[in-house]
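Architecture at a glance
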Amino acid sequence: MTELLQTRRLFVVILALGLFTMAARSVTDPDVWWHLRTGQLIVQTHKVFHTDPYSFTRFGQPWVDHEWLSQVLIFGLYRLAGWGGLIVGFGAVIAAAFLVVFLRCPGRPYLAGVITLWGAFASVPSWGVRPQMLTLLLASVLLLILERSYQHPKLLWWTPALMLLWVNLHAGYALGIALMALFLVGDALDAGFGFVVFDSKDASQPAARFRALALAMVVCVAVVPLNPYGVAMYAYPLQTLRSRAMQNYIGEWLSPDFHQHRYLPTLAMILATVALPALSPRRLRPREVLLLLVTTYAALRSVRHIPIYALVAIPILSAMTLAWLQEHCVAKGLEWKRTPMTPSKTWVNAVLLAGFLVFMVARVGYVTHHQAETEAKELPAATVSFIAAQRPPAPLLNHYNWGGYFVWRLYPEYRVYIDGRADLYGDAFMDDLATTYYLKGDSWRSAFDKWGIRTVVLPPDAPLVTALRGFPDWKTIYADSQAVVLTKKAQ
């Protein structure tokens, strides 16, 4: 116990607890609800879905449920421990991802810990109970394997097992293959520019490791079809990235708005990676430059890619900052010294650790206890309760962000018009939804005629709601600050 209370080790423990406390947050992601329902049905039927069961607009159409194993995990945590299980479980996943990044940082733990927290703050807008966080953890582990494989090449043979798990958890497996490819290209650039990759004098070692990485990547690509959807998973990530509607209509696929305070840590990190190479005596390897360029572009293109950028940038920033500080200290004749442990510090550290543990438990308890309030604040809980009780006529046109919640609360009595599976609905359907919602011309009427819409559930400020209230054959049967329910009178 005394060793744990040494200041350096205590710092690492508190860093881990701090990351977990930051990551343990209320469940607000609009997709978690259809993930829960899908996980429940998979567990109950012992089958995965190959066609859409939830909507009346795409019912029976082919559906690649690339997150099926994540959904089983999500429902399993929920059934085992309710919302607290999901909050704690995914908080631990996120914290573990950044702790692995911390392990990749060189130098003293204090500097590495501060920069790790910096990267964590930059990533906060993407955090939540969502399968994407499992991709974050697996990408973090893969980067650790790739970097440590320079000294221990046999670590590369863990990557196919990692990929097999990854491809069944989330289509983000493609990120893993992309990172391996970037390391291959980066190693070739390092060799071409004369950067020493290995400390060993064995000239054959870099070539052998390069071949091992290339072979490991080939095996990883080969295991991708080992999922319920087979070779379809090769194309799925590319189809998602090429979706124009997802880039235009879904917030997390948009570029970060640096006028918003929550994206300022990301902006500061990007600026630091530009400025520090000019100040630090440590030269960036071509491989590091390549990784930074690709992930910086990805982060600037879509908010959801910021955490991946952080995984790459944190160790590089830590190494450059450490080299700059060491040069600065040497220039001033200073020396970093490790302070010996004293009994008084042990006592103080014990109190500090106990206080942090109490704070963490209180924070998680508070978040879990107020989950119902958060649900009612973020989603139309009262409206759904009204629909479940009064049963207005179907088909029902709903808001995009509420579709998953309707799947959890109202399926199978009601099927949705749309939910968060934008890949299933396609660009044309998303465009039609925007046309209908914003009353662009007269073409919005075609959706009502095509699908026979009898009930509309949308926010009060939706242009479509304003328009329908002016039609005599539509009447408002429910309204609150979050949603309005209108039904078409029987003719």
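Described below are features of the structure shown in this document. (Residues numbered from 1 in each chain as written. Predicted model: local features only at pLDDT ≥ 70, side-chain atom pairs only at ≥ 80, totals over all residues. Heavy atoms only, no water.)

**Some thoughts on the sheet that holds strand β4 (residues 484–488)**
The strand order across the open sheet built from four strands is β1-β2-β4-β3, with neighbouring strands paired in mixed fashion. Sheet topology places β1 (396–398) and β3 (474–479) at the edges, where each strand pairs with a single neighbour. Strand-to-strand twist of the sheet, defined as the mean angle between neighbouring strand axes without regard to direction, takes the value 20°. With four bridges joining them, strand β2 (residues 455–458) and β4 adopt antiparallel strand pairing. Paired with Val457 across the two strands is Val485, which belongs to β4. (Pairing = 2+ DSSP bridges. Helix = DSSP H or I, 4+ residues; strand = E, 2+ residues; numbered from the N terminus. Axes fitted to C-alpha atoms, helices over the stretch in contact; angles between N-to-C directions.)

**Some thoughts on the side chain of Thr116**
Tracing the sequence through the fold places Thr116 in helix α4 (residues 109–123). Overall, Thr116 belongs to the buried group, its relative accessible area being 0%. What Thr116 contacts, discounting residues up to four positions off in sequence, is Phe98, Phe102, Cys105 and Ile314. (Buried < 20%, exposed > 50% of the residue type's maximum accessible area, 1.4 Å probe, protein only. Contact = heavy atoms within 4.5 Å.)

**A short note on the packing of helix α2 (residues 32–45) against helix α17 (residues 403–410)**
Running from N to C, α2 and α17 cross one another at 40°; their axes reach a closest spacing of 7 Å. Considering their axes alone, α2 and α17 lie oblique with respect to each other. In the packing of α2 onto α17, the handedness of the crossing is left-handed. Together, Trp33, Trp34, Leu36, Arg37 and Gln40 of α2 and Gly404, Tyr405, Val407 and Trp408 of α17 make up the contact between the two elements. A breakdown of the residues in the contact of α2 with α17 according to their chemical character gives six nonpolar, two polar and one charged. (Parallel < 35°, antiparallel > 145°, perpendicular 65-115°, else oblique. Left-handed = near helix turned anticlockwise from the far one by under 90°. Nonpolar A, V, L, I, M, F, W, Y, C, P; charged D, E, K, R; others polar.)

**Here's the deal with the packing of aromatic side chains**
Two aromatic rings are characterised by how far apart their centres lie and by the angle between their planes. Evaluated as defined, the whole model comprises 19 aromatic pairs. A ring pair is formed by Phe356 and Phe359, whose centres lie 6.2 Å apart and whose planes are at 70°; its orientation type is edge-to-face. Here the residue Phe356 and the residue Phe359 both occupy positions in helix α14 (residues 343–369), the gap between them amounting to three residues, near one helical turn. Looking at Phe356, the relative accessible area reads 23%, which means it is partly exposed. Using a relative accessible area of 48% as the deciding quantity, one classes Phe359 as partly exposed. Here the basic side chain of Arg421 rests over the ring of Trp63, its NZ or CZ set 4.6 Å away from the ring centre. (Phe/Tyr/Trp six-rings, centres within 6.5 Å; stacked < 30°, edge-to-face > 60°. Lys NZ or Arg CZ within 6 Å of the ring centre and 35° of its normal.)

**Side note on the pattern of salt bridges**
For the structure shown, the criterion picks out twelve salt bridges. A salt bridge links Asp52 to Arg421; the nearest nitrogen and oxygen atoms lie 2.7 Å apart. One end of the pair, Asp52, is in the loop between α2 and α3 (68–104); the other, Arg421, is in the loop between α17 and α18 (422–437), with 369 residues separating them in the sequence. Between Arg285 and Asp190 there is a salt bridge, with its nearest N and O atoms 3.9 Å apart. In this pair, Arg285 is assigned in the loop between α11 (264–279) and α12 (286–301) and Asp190 in helix α7 (residues 173–192), connecting sequence segments 95 residues apart. With relative accessibility at 0%, the residue Asp190 sits in the buried group. Bridged by salt links that share partners, the residues Asp187, Asp190, Arg209, Arg285 and Arg287 form one connected network. (Salt bridge = Lys/Arg side-chain N within 4 Å of Asp/Glu carboxyl O.)

**Here we look at the packing of α3 against helix α6 (residues 159–169)**
For the pair α3 and α6, the least separation of the axes is 5 Å and the interaxial angle reads 75°. Viewed along their axes, α3 and α6 adopt a mutual orientation that is roughly perpendicular. Side by side, α3 and α6 meet where Trp68, Leu69 and Ser70 of the first sit next to Leu165, Asn168 and Leu169 of the second. In terms of residue class, the contact of α3 with α6 is built from four nonpolar, two polar and no charged.

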